[in-house]
Structure formats: C-alpha cells, structure tokens
Amino acid sequence: MKGFAELYRRLDSTRRTNARLEALRDHFRAVDPADGAWALHYLLGRRGRRVVGSRQMRAWVAKHGGQPEWLVDECYDAVGDLAETVALLAPGRGDEGEAHGLSLAEVIEERVLALRDLDDAAREELVVATWRRFDLLERLLYVKLITGGFRVGVSRGLVARALAELAGTDQATMAHRLAGRWEPEPAAFVRLMAGDAAGDDPLRPYPFFLASPVPESVSDLGAARDFVAEWKWDGIRVQAVRRGEGHLLWSRGEDVIDAAFPEISAAIAELPPGTVLDGELLAWRDGAPLPFHSLQRRLQRKSVGAKLRQDVPVRMIAYDLLEFGGQDWRERPLEQRQARLREVLEALGRPEVAVAEVVDAERWEALAELRAESRARGVEGLMLKRRGSPYRAGRTRGDWWKWKVEPFTVDAVLVYAQRGHGRRASLYTDYTFAVHGDDGELVPVAKAYSGLSDAEIRKVDAFVRRNITERFGPVRAVTPELVFELAFEGIQPSPRHKAGLALRFPRMARWRHDKTVAEADSLASLRELLAREAGAR
Amino acid sequence: MCHQVTGRGGAKRSIRLSGSRVFPHPLPDLVHTTPEGLACPLGNFHVDPWRPVDLAVITHAHADHARAGSRAYLTTPEGAPLLRRRVQNGAVIETLAYGERRRIGAVTVSLHPAGHVLGSAQVRIEHASGTWVVAGDYKTAPDPTCAGIEPVACDVFVTESTFGLPVFGWPRESELIAEILAWWEGNRAAGRTSLLCAYPLGKAQRLLAGIGGRALGPIAVHGAVHKLNEAYAEAGVALPEAEYASPEVTKRIRGEGLVIAPPSAHGTPWVRKFGEVSTGFASGWMRLRGTRRRRNFDRGFVVSDHADWDGLLQTIAAAGAERVLVTHGYVEPLVRYLNEESGIRAEALATGFEGEGGAEATGPEEEALA
Ligand SMILES: [Zn+2]
Ligand SMILES: [Zn+2]
C-alpha cells in the first residue's frame, strides 16, 4: 500500500512526462505481481465497484471523527473531494499513519472487496480500523477504492510506455496487450510483463488511433489532395473484433458493449474470423443519423428490448480495417485498408454495418463548402486522413485530423456557481448560465466549467465570493452581472430542464466584458435555433 | 500551553443583541464595521482600516492589515519598523509596548501578543460597557521569531477564521522542518537547487529560524526576503546565515543550496538563474491537495502563521468571551459550530471586504500565502 501511495503521490505532484514515466518505472520494476496487477487495473481506469456509498462514508467520518454531519458537508464543499475530506477528518494520527506493512493486494482483497460480505456494523468497524492505521494519502486512496471513485490522471499510452520498457518490448505491443480482458491477478501481471502472449485475451482490441483538431488554418496541413476526407460522425467510437469462434464490440473506453447493441453484435458474428473493424456507432433512421441523445438511451443498457430497438435503430459506420485474415493490417497504407474494408462489408451484406463514404474534393475550398453542410447532414464536420498513412496508436499527431464545424454560440449570464473539484477545489469554477426568459426572468440553460484561463477563473471566483445572494447546499446564487459567450455543439429538447432545451458540450468561449446583462441572448432565440436544427435533420 | 490571563475587563454584564449600530446609544457595540474598516467610535480610531483615517491601530504589518494613507498609526515597538515600510515617510507611527495601557478618547487600549508575526498584536479595548478584543491574525503554534500568543480575557472577542474548518490541522513544527530538510537533501543529491516559496514577512524568517543550525548547505534569499530579514535582525531575532541572492551567490549555491523567495517569483526568469530547481511552497493551503496541484509546485509544505481549527477553538475558549464575532475566512461554519457545539454565542462580523471564506485566490495576495 505504501508503494502504491508513493506512486500516486509522484504522479499527482508533477505534470512532467519524464518524471511521471520514472515514477511508473520505479513502481513496476520491483512490484509484487499481485500488487502490480491491481495497480495496473486502477491506473488503466478500469472500474472499481462501489462497496460503500458516500452518504454512509460521511456519516461514519462524522461519528468517529467527532464532527457534526453538517460540518463534514461544509468541509467537503471546501475540499471538493470526498475521499480527501474523509482522510482529513478521520480519527487517528493521519499525519503519521502506522508502519502497517499491508500490501495493495491485501488492502483490496481483505479491506475493500471483503466489505461486500459484511453487515453494516462490521463494515463500519473494518473501515474505521483501517483509517486509524493509515496516513492521509493512504486513507484518501482507501476511500476512493471503497467508493469506486478511483482515478489516476495518467494516460494509457504512458503506462504502456513505462511497462514496455520494463518488459523489453515496444509500446504498441504493450498497449495492445493491456487492452484485452484480463483479471487483476498475479498470473496476468506476470504474463503481461513477460511478453508471453499465451494468456492474452484472444478478442482484445487494438489501441484506437485518435484524430487531432486541425490547426488554425487547414492549408497548413499541406495539399488537400494528400488527404482522404470522410464525414465526422457524432456517435460513439467502436472496434468490432471477430476472431476464432468469438466476436466482441469494444467502445473506446474499452468496455464491451455487445449487450446494448445486439443487432450490431449479430452482424459482426458473420464477419470472417480474423477481422477487426474500426468505426462509429450511431442511432440511425431513414438514411440519416439521429441526434446523439437518442443513442444515449441505449448506452449502458444491460439488455435492450424490442421497443427500444425499434425506437432507436442503430448502425455502425466502419471506416478502417485493422486486421484481416488474422493478419495485423495497421501498417498497410490507408487506401489499401479502405479498399479491402469495402470488399469485406459488401460480402457481409448487412445494413447494420455500413462503409464510410469518402467525401470527394481536390481542393480545400471545395472541402470547406462541403463542411459548411455538416449541420444539415447531422455530422460534426470532416475527418481528414493522410493518404498512404498507417493506422497509428493513441493521439499521434500528423495523419488524422478532425475539422469540425464552428460551434454555435450564445451570450449568457452567470447566475449560479459551485466550487470545483480536484485541482480546482475551493475555487468557484462550475457555473450555471441563464438567458432571458419570456417574462424577462433569467432562465438557466447550461452548466459549464471549462474554457477560462486560470487568471480569469480567479477573477470570476473573486466576483462570486463578493456577490452571493443565496445558498442552496453547495450552490451559490450570484448577482446576475457577468456575461459570457458560450460555445456549444448542438441543442436538443429537454423536458427535464426549465428552459425546455439543453445545450450539448457547452463551454465558455470568452468573457464578454463589453456586454451588459440586458444584452445577453433570449430563450426565444434558442428555441428558434432548436426548431431550425430539428428541421435540418 | 500556559494560559496567562491578561487584564480581565470589567464585571460581566449582559450585552444586548448585536445589530445596534446607532451611536450614541446607552451601550453601543464598542467596535463595528464602517466603510473605512473596523471602527471604535468611542476612541475615535480604527483597527486595521482599509481606507485612510485619523488614527489607525495596526495589529501587524501584513499588507491586508496595514495600509498607507492614514494620518497616525499605533502599533507595537517590534512591529513599527515593519509598518514603516508600508506607509509613507510623513506618517506618524506611535508605539505601545505589549501590555501597556493607553487612554484613547473614552476607552483604554492595550496590545497583547498574537503569535502571528514579529510585533503582531491583539487589540484590547476597555470601556465601562465591556471589554473587547480584536485579535487580528493569530496562531497558537510556537514560532521562534515572535512573541507567543497570550490569551486575553474579554466580553467580546473578534476572531479571524482563515482556516476555520476542521480539515485544517497543522503538523508539528519538528515534522515540518524534517520534511523540508529531507526534500533539500534529495534535491542536493540530484544536483538541483531547492527553491522554497513563502510569504516574505514572517513565514520566511520562521522557516529560516526553524532550520537554524541544521542547514545542509548555503542558504540564499530573494531581495524581498532579505530586506525583511534585516528588520528582524534589528529586532534581535536570531536567524541563520542567509545571503542575498546576488549573481555571485547564485552561481555559488546552484545545484546544492536552498533559496527562499516570495511565491510571486515562481515561474519567473529570476528562477532560471539557479539552474535545475525543485520548487516548494510553504502555506496552510497546502493542506489541501486541490490547492497544492493548482499552484504547480513540486512540493507543498503545510505551515501557516494562522491558527488551525484546533488553535482557533482553543484561543476562542481561552478568551472566555460571552460573545464572539467572526470575520475573515470560513465565517459561517465557525459561527454555527460555536453556537451549536461549543455553546458560545457567535455572529458573523461583516467586513464588507470579502463575501466568503477560503478566499485563496481572491483576497489580498497575502491571504493566498497564509
Ligand atoms: Zn497577517
Ligand atoms: Zn490577514
């Protein structure tokens, strides 16, 4: 546990790639396989199960830390992170902890997973006893493990790089190996590090290749004819893996999502063994995509009934072929992969899996005109893929670019603020914005917490603190005075919201110091936009 | 700690509910907020005013308490040289030694150690209607560079609440210094200069004194710290050798020395002169991971010249006041806690200066450095 805490502390305290890499190498070089497997499990962002709810955690820390519950809540509000709040308020000498000698695997198996089989009183006893033995950081990690909220801000690529160096293999191979289904057990860790492929998941996906946003001017990329253009779909990125007797549909978060999309899963089953497709999953009807919120209804379903399948039909638009005939095709040139992909899908003959259409144009001007039609087509813009390029891994810049349409914008008024989390805890960084309603009242339309510089955030934070008019739990109502231009990607009806509509991916584009509240936009204008967008589809 | 009670005020009497801001009045609040700051109308002076006034009684020389422009100032002899640096030359600075009583208008004023920084004082105001203490900033942890806090009994106690939540608890001084030395040692082994950022008035000297004779190598200080070290030396505070970081000194200590600088130096070209550095930040806010990460220092050291939660409760209890006014920080939680958990009548004292606590990034820069 101490070793894992030290790794966490080092990763947490620096953003320098080399220092982080060094921390990972130092940790995994000498780690016990049982601990290594668990550490890797969590570093890769694999899900932990929530064993104890946060309500209960707060009640326990109040009781045993000797504070009233409202004060625990005030602390949580100021700290911005429940696990840290609990660590700071728990009983015992957290500044020192104890030389307990418990390993990470022991903690997880005997003090986290074991909680599931205990009754409430026994759980409370075990958790509190553990707090007493741990120092602050160990407590924080322990609470995160119990509440299922464990995250480490480290990329999969970096983890793969560090492990590859230790295992004496290359990063791509390690990334591929890590991507499969493996259980956090010592044997799996030994296999990963030994480079023995025997225990690999036969249905593991390849690491996804991610596009970068085009630079300021698209012509900086070179000539348009050096690229193949495709529409950029607004769905979820998937890889369809068909090997041996099996097949799986993987999302980019490396979750298996066959259960939510049985019709796609059935189509993939008919691919020839040794085939892997990369593409986008969309809600689709009558030859056109449905808005993203339709697709959301099917995501994360354990099973999908006939009614939902009928309401939200889906389709996979495949645009790359990563494996064919059991061979890794990723190093082959783009055009060759695309041509074979078309043949494969033609032979498959299933409408649920369609091939991505190539957008033909020789010059940037022509592509720009086509891109301008994106909204009407229900796409986000264009993808530009360099001719002759291989299929790379991760966010390698240079070959794949996304050229999105300009976002919509609205001028809205800051009306509520809440403290942020993590790095921004204790600053008011999460804002709610409103526009003018029909009767002149301000109606909230969006929450946003990104887009401002640190200096601007500090200024808004100062404004919030001095202009609080009301408090509702952690939320502060502020005097409506600041106007911001919000950028957003889409608009959709939403009966849950007072405004009757919701914005997609809203963020602060800039602070409109030049605008007064009276000059902010109205709900009527957003409704018009909603109607226009619905009509365009 | 020994709770010496200094000059207990007149017999306890029931004090009417607050909110009476009318003057003259049979039993007015001795002190209340005005646009100029905390005013004592019966004495015709202000405590730590933020606008120019006739007579400013100054608890200590930090920028958020001592502002230029007033006609005359009253502070402790130890604090006077530090205050002199904040106000223009023409201003009158009178001094009042700790414990000495002075009649001002209809009240009697005395100053008592607050343990915050050199010369810091709690202001005790005595009148037939009751005794008030405006504590200013204070801490209970030991500090070799200033007089330790002395609890002052009173009827009404005005307290700060910068760290008024139980998540704020300071590690022991010995642990802190050991941690700093271990960090320095590691940096030295790796050939890095250790750049420790701390508020130049008080915190820097306290860290230097804490390191004392245990320095692992040469220590240099930024100009802002150097000037104040001189003032501390004049006041007879023993500090270890710490040279001004001139170009020659910089060259000499690179890769092995410890440099103490204000946080504003972090990330500026000035730092580059030291070659490869590891940066540390000494502040009570470093208790929270969020602030630690946001500030982008390699290391955070938890140390403050303000009281932690336990220190606040201890000091408030020792004052034995029947009414506590809370200002500056996590006002609401502390007020509620005192009323509901400690059985002490407490209210918020509006400062009109900042709406809410935890003003890590909003208050004067000093607040961020607490
Ligand atoms: Zn101060
Ligand atoms: Zn202060």
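Residues numbered from 1 in each chain as written. Chains lettered and ligands numbered in written order. Predicted model: local features only at pLDDT ≥ 70, side-chain atom pairs only at ≥ 80, totals over all residues. Heavy atoms only, no water.

Caption draft 1: Structural view of the overall build of chain A. The secondary structure content of chain A amounts to 20 helices and 21 strands. The principal-axis extents of the C-alpha atoms in chain A amount to approximately 70 × 70 × 50 Å. By residue count, 54% of the 537 residues in chain A fall in the buried class. For chain A, restricting intrachain contacts to residue pairs at least 6 apart in sequence, the fraction spanning at least 24 positions comes to 69%. (Helix = DSSP H or I, 4+ residues; strand = E, 2+ residues; numbered from the N terminus. Buried < 20%, exposed > 50% of the residue type's maximum accessible area, 1.4 Å probe, protein only. Contact = heavy atoms within 4.5 Å.)

Caption draft 2: Structural context of the overall build of chain B. For chain B, the helix and strand inventory stands at 10 helices and 19 strands. Counting every position in chain B, which comprises 370 residues, the buried fraction comes to 61%. Across chain B, every contact between residues at least 6 apart in sequence was considered, and the portion connecting residues at least 24 apart equals 61%. Accessible surface, chain B: about 13,300 Å² in total, of which carbon and sulfur atoms supply 52%. (Areas by Shrake-Rupley, 256 points an atom, 1.4 Å probe, with all protein chains shown as cover.)

Caption draft 3: Summary view of the coordination of the zinc ion (ligand 2). All names here are of chain B. Those donors, D64 (OD), H65 (NE2) and D137 (OD), are the protein atoms that reach the zinc ion (ligand 2), and they lie 2.1 to 2.5 Å from it. When the donors of the zinc ion (ligand 2) are listed by position in the chain, the intervening gaps give D-H-x71-D. The distance between the zinc ion (ligand 2) and the zinc ion (ligand 1) comes to 3.5 Å, and D137 binds to both of them. Each member of the pair, D64 as well as H65, is classed as buried. (Donors = N, O, S within 2.8 Å, 3.2 Å for Na, K, Ca; no water.)

Caption draft 4: The confidence of the model for chain B, seen in detail. Residue and element names in this part refer to chain B. Here chain B averages 87 in pLDDT, and 87% of its residues register 70 or above. Low pLDDT (under 50) marks residues 1-26, which in the prediction has 54 contacts with non-local residues, meaning those over four places away or in another chain. Every residue in residues 353-368 scores below 50 in pLDDT, and together they form 56 contacts with partners more than four places removed in sequence or on other chains. Confidence metrics for the complex model read pTM 0.73 and ipTM 0.87. (pLDDT = per-residue confidence, 0-100.)

Caption draft 5: View of the pattern of salt bridges. All names here are of chain B. Counted by the stated rule, this structure contains 60 salt bridges over all chains. For R206, the salt bridge goes to E173, with nearest N and O atoms at 3.0 Å. Here the residue R206 occupies a position in helix α3 (residues 203-211), and E173 occupies one in helix α2 (residues 173-189), the gap between them amounting to 33 residues. For R206, a relative accessible area of 3% corresponds to the buried category. Between E347 and R345 there is a salt bridge; the shortest N-O distance is 3.8 Å. (Salt bridge = Lys/Arg side-chain N within 4 Å of Asp/Glu carboxyl O.)

Caption draft 6: Region of the structure containing the coordination of the zinc ion (ligand 1). Residues and elements named next belong to chain B. Distances from the zinc ion (ligand 1) to its protein donors, H60 (NE2), H62 (ND1), H116 (NE2) and D137 (OD), fall within 2.1 to 2.3 Å. Among the residues examined, H62 registers a relative accessible area of 4% and is labelled buried. Of the residues examined, D137 reaches a relative accessible area of 2% and is grouped as buried.

Caption draft 7: Structural context of the sheet that holds strand β5 (residues 72-75) of chain B. All names here are of chain B. Pairing in this open sheet of six strands is mixed, and the strands run β1-β2-β3-β4-β5-β6 from one edge to the other. Of all strands in the sheet, those with a lone pairing partner are β1 (32-34) and β6 (92-95), marking the two edges. Taken over all neighbouring pairs, the strand axes of this sheet differ in orientation by 35° on average, direction set aside. Examined bridge by bridge, strand β2 (residues 37-40) and strand β3 (residues 45-47) share three bridges and lie antiparallel to one another. Counted as the bridge partner of L38 is V47 from β3. (Pairing = 2+ DSSP bridges. Axes fitted to C-alpha atoms, helices over the stretch in contact; angles between N-to-C directions.)

Caption draft 8: Summary view of the nonpolar core. In this structure, A:L40, A:W131 and B:F157 are the most contacted members of the largest nonpolar core, which totals 122 residues. The biggest single contributor to this core is helix α3 (residues 33-43) of chain A, with seven residues. B:F157 has contacts with B:Q122, B:V133, B:A135, B:Y138, B:T315, B:I316, B:A319, B:A321, B:R323, B:V324 and B:L325, leaving out every residue within four places of it along the chain. If you look at the next biggest cluster of nonpolar residues, it comprises 37 residues, including A:F208, A:L282, A:V359 and A:Y391. (Core = buried A, V, L, I, M, F, W, Y, C linked by side-chain atoms within 4.5 Å.)

Caption draft 9: Summary view of the domain arrangement of chain A. By the assigned domains, chain A splits into domain 1 (2-146), domain 2 (212-404) and domain 3 (408-536). Each of domain 1 of chain A and domain 3 of chain A was reduced to a C-alpha centroid, and the two centroids are 35 Å apart. (Domains from an automatic or database assignment.)

Caption draft 10: Representation of the packing of helix α1 (residues 2-13) of chain A against helix α2 (residues 17-29) of chain A within the structure. Residues and elements named next belong to chain A. Two elements in contact, α1 and α2, have axes whose closest approach is 9 Å; the angle formed by their N-to-C orientations is 170°. Comparing their axes, α2 and α1 come out roughly antiparallel. Along the contact surface, α1 presents G3, F4, L7, R10 and L11, while α2 presents R20, E22, A23, L24, D26 and H27. When the residues that make up the contact of α1 with α2 are grouped by side-chain class, the tally is five nonpolar, two polar and four charged. (Parallel < 35°, antiparallel > 145°, perpendicular 65-115°, else oblique. Nonpolar A, V, L, I, M, F, W, Y, C, P; charged D, E, K, R; others polar.)

Caption draft 11: Just the sheet that holds strand β19 (residues 346-348) of chain B, in detail. Residue and element names in this part refer to chain B. Ordered by their spatial adjacency, seven strands build an open sheet running β7-β8-β9-β10-β11-β18-β19, and the pairing between neighbours is mixed. Strands at the two margins of the open sheet, each flanked by one partner only, are β7 (101-104) and β19. The mean inter-strand angle of the sheet, taken between neighbouring strand axes irrespective of direction, is 25°. Note: strand β9 (residues 121-127) against strand β10 (residues 130-134), five bridges, orientation antiparallel. Within β10, the residue paired with V123 across the bridge is V134. On the sheet, helix α8 (residues 309-319) packs against β11 (156-161) and β18 (323-329) and is oriented at approximately 170° with respect to β11. Seen against the sheet, helix α9 (residues 331-342) touches β11, β18 and β19 and runs at an angle of roughly 160° to β18.

Caption draft 12: Summary view of the pairing of β5(B). Residues and elements named next belong to chain B. Every second residue of β5 is oriented toward a common face, with A72 and L74 on one face and Y73 and T75 on the other, all of them buried. Note: strand β4 (residues 55-57) against β5, three bridges, orientation parallel. Bridge assignment links V57 to a residue of β5, and that residue is L74.

Caption draft 13: The arrangement of the pairing of strand β17 (residues 475-478) of chain A in detail. Residues and elements named next belong to chain A. Note that strand β13 (residues 408-419) and β17 share two bridges and pair antiparallel. Across the sheet, the residue bridging to A417 is R476, located in β17. Taken together, the four bridges between strand β16 (residues 468-472) and β17 define a ladder with antiparallel strand orientation. When the bridges of β17 are listed, E470 appears paired with A477. Counting the residues in the hairpin turn of β16 and β17 gives two residues, including G473, whose phi is positive at 55°.

Caption draft 14: Main features of the environment of B:E322. Tracing the sequence through the fold places B:E322 in the loop between α8 and β18. Put simply, B:E322 and B:C154 are 168 residues apart on the chain and 8.1 Å apart in space, counted from C-alpha to C-alpha.

Caption draft 15: Fine view of unusual backbone geometry. Even without being a glycine, A:D286 presents a positive backbone phi close to 50°. Along the chain, the position of A:D286 falls in the loop between β5 (275-285) and β6 (288-289). Despite not being glycine, B:N44 has its phi angle at roughly 55°, a positive value. Locating B:N44 in the fold gives a position in the loop between β2 and β3.

Caption draft 16: Just the interface of chain A and chain B, in detail. With 39 residues of chain A at the interface, the matching set in chain B holds 35 residues. For the pair chain A and chain B, the two sides together bury roughly 3,300 Å², of which 47% comes from carbon and sulfur. Between the two partners, chain A and chain B, sit two salt bridges. The partner of B:D298 in a salt bridge is A:R16, with the nearest N and O atoms 3.0 Å apart. Inspection of the chain A/chain B interface yields five residue pairs in polar contact (both at pLDDT 80 or more). Here the side of chain A that touches chain B gets six residues from one element, more than from any other, and that element is helix α5 (residues 69-79) of chain A. Its residues assigned to classes, the side of chain A that touches chain B comprises 16 nonpolar, four polar and 19 charged. (Buried area = accessible area lost by both parts, 1.4 Å probe. Polar contact = N/O pair within 3.5 Å; in protein donor to acceptor, adjacent residues only side chain to side chain.)

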